[in-house]
Amino acid sequence: MIRLLIVDDQNVVRNVLSNAFQDDKYIEVVGTASNALDAKKIVPELRPDVISLDVDMPGMSGLDFLDWLIPNYPCSVIMLSTYTETGAQVTLKALQKGAMDFVQKPDGTEEDFLRMLKELSFKIKKLGTSPKPKYALTAFSGDKLKGPKSKLGFINLIAVGASTGGTQAIDFILNRLPNGLPPIVIVQHMPEHFTALFANRLCQTSGLPVKEAAHGDILEEGFVYLAPGDKHMLVRRLAGKMYLEIESFDKVSGHRPSVDVMFNSIAKGGMAKNCLAILLTGMGRDGAIGLKNIKDAKGKTIAQDETSSVVYGMPKEAFLLGAVEKPMALSRIPNEIVQIVETG
């Protein structure tokens, strides 16, 4: 049984979630708290595996609670986020501080309420049975790497896919990477309203020009393009230039944006042999088939290893498919990127 603690200042939310998991044979609600101060008192006794944490509570904030929780009683935290810009900003800060994932609160409709319960249940079960990664508990540090002395490897595109735990992993990688690398395109599983804020934060923290991708963007050296939430991102090539298409067709591999959509556009568009594709931590199998297609088309492929992944789902599926040239700890990936760009 996965031990769940529910922390939310709304009594109706605590009751609804408690009742929803009452008959679940995998999840046991071991306690509830109406604020972070109360949660702080009961965590040492309850020792939950997973905490669902409201982003906006009176008294001690959820962010301050995380600062106390992660070093002392490490467990998987799933933030319950509102659709507001403020809610999104707090959620992104929480992910940076060690929260593993988030679920958006419902918009008031019954359909969206059921969506929230289904998504929350799935993430509790995945995170509650996953090993606790060291990197999520201790922030990496390190100086910017030096740029490649040359580009003999002929890599002109770096493509990255990620899901659960990916915000921390992407943040770490970009903060180490130097300026002047080939364009980087990223698909991180995120809803709309979050990706623009995430791109802005990455731009500020990494010092690289990071933007939420737009339809028709021409890829430029040194720039980073993040797929917009709830939109697919495809890489195209015309007259020697690579550019982006942003589309809204159905979910692929259960997601929109989908890593498979981006990777497959690179493989099918004849760009794979000059591409370095990287699949990071995440639930499910999105990106595994696309990574295999890039590898089969003579592209370079890396997948994050099990020890450093928050959830070893997507990288594992890629590894089982034979899509991974190098499984690699997150701490080594920035250096490997520079080396591959430099020497191939």
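Everything below is about the structure printed above this text.
Throughout what follows, the structure given in this document is the object of discussion. All of these numbers come straight from a predicted model, not from anything done at the bench.

Rules behind the numbers
Starting afresh in each chain, residues are numbered from 1 along the sequence in its written order. Reporting in this predicted model follows two pLDDT cut-offs: at least 70 for local features of residues, and 80 or more for side-chain atom pairs to be given and counted; totals over whole chains, interfaces and linings ignore these cut-offs and use all residues. Excluded from the side-chain calculations are hydrogens and water; all other atoms, namely the structure's heavy atoms, are used. For Phe, Tyr and Trp, rings pair up if their centres lie within 6.5 Å, where Trp contributes its six-membered ring, and each pair is then called stacked (planes under 30 degrees apart), edge-to-face (over 60) or tilted (otherwise). We call a residue buried when its accessible area falls under 20% of the maximum for its residue type, exposed when it is over 50%, and partly exposed in between, using a 1.4 Å probe and counting protein chains only. Salt bridges are counted wherever a side-chain nitrogen of Lys or Arg sits within 4 Å of a carboxyl oxygen of Asp or Glu. The way it works is that DSSP assigns letters per residue, a run of H or I at least four long becomes a helix, a run of E at least two long becomes a strand, and they are numbered from the N terminus. A fitted line through C-alpha atoms serves as each axis, taken over the contacting stretch for helices, and the angle formed by two N-to-C directions is quoted from 0 to 180°. Two helices cross in a left-handed way if the nearer one is turned anticlockwise from the farther one by less than a right angle. They cross in a right-handed way if the turn is clockwise. The contact criterion used is simple: two residues touch if any of their non-hydrogen atoms lie within 4.5 Å. We call two strands paired when DSSP finds no fewer than two bridges between them. The labels follow the angle: roughly parallel below 35 degrees, roughly antiparallel above 145, roughly perpendicular from 65 to 115, and oblique for the rest. Side-chain classes follow a simple rule in which Ala, Val, Leu, Ile, Met, Phe, Trp, Tyr, Cys and Pro form the nonpolar group, Asp, Glu, Lys and Arg form the charged group, and the remainder, Gly included, forms the polar group.

Inspection of the entire model under this criterion finds four aromatic pairs. Relative to Tyr73, the ring of Trp68 lies with its centre 5.5 Å away and its plane at 45 degrees, an arrangement referred to as tilted. A residue is classified by how much of its surface remains accessible, and Trp68, at 17% relative accessible area, is buried. Each residue in the set Phe65, Trp68 and Tyr73 is aromatic and connected to the rest through ring pairs, giving one cluster.

Side chains that differ in sign of charge can pair as their charged atoms come close. Under the criterion given, the structure shown has 15 salt bridges. For Glu119, the salt bridge goes to Arg115, with nearest N and O atoms at 3.2 Å. Here Glu119 and its partner Arg115 are both found in helix α5 (residues 110-128), four residues apart, which amounts to about one turn of the helix. Among the residues examined, Glu119 registers a relative accessible area of 25% and is labelled partly exposed. A relative accessible area of 25% means that Arg115 is categorised as partly exposed. Where Glu245 meets Arg236, a salt bridge forms, and the shortest distance between an N and an O atom there is 3.2 Å. With relative accessibility at 18%, the residue Glu245 sits in the buried group. Residue Arg236 is classed as partly exposed on the basis of its relative accessible area, which comes to 31%.

Here helix α6 (residues 166-176) crosses helix α7 (residues 195-206) at 35 degrees, and the two axes come no closer than 9 Å. In the crossing of α6 with α7, the sense of the turn from one axis to the other is right-handed. Contact residues: Thr167, Ile170, Asp171, Leu174 and Asn175 in α6; Phe198, Arg201, Leu202, Thr205 and Ser206 in α7.

Across the sheet, seven strands lie side by side as β8-β9-β7-β6-β12-β13-β14; this open sheet has parallel pairing. The sheet terminates laterally at β8 (210-212) and β14 (326-328), the two strands that pair on one side only. Along the sheet, successive strands turn relative to each other by an average axial angle of 20 degrees, direction set aside. The sheet contact formed by strand β6 (residues 157-162) and strand β7 (residues 184-188) spans five bridges and is parallel. Looking across to β7, one finds that Gly161 is bridged to Val187. Contacting β6, β7 and β12 (275-279), helix α8 (residues 259-268) crosses the sheet at an angle of about 160 degrees to β6.

Pairs of packed helices are described in terms of their axes, by the angle between the two and the distance that separates them. Following both chains from N to C, one finds helix α3 (residues 62-72) and helix α4 (residues 85-97) inclined at 10 degrees, their axes separated by 10 Å at the closest point. Comparing the axis directions of α3 and α4 gives the class roughly parallel. Two secondary-structure elements touch here, α3 through Leu63, Leu66, Asp67 and Ile70 and α4 through Val90, Lys93, Ala94 and Lys97. The residue makeup of the contact of α3 with α4, split by class, is five nonpolar, no polar and three charged.

As a further point, take the environment of Met79. Among the structural elements, Met79 can be located in strand β4 (residues 76-81). Take Met79: its relative accessible area is 0%, and that puts it in the buried class. On a C-alpha basis, the gap between Met79 and Phe102 in space is 4.3 Å, while along the polypeptide they are 23 residues apart. The residues touching Met79, leaving out its near neighbours within four places in the chain, are Leu53, Asp54, Val55, Leu66, Thr91, Ala94, Ala99, Asp101, Phe102 and Val103.

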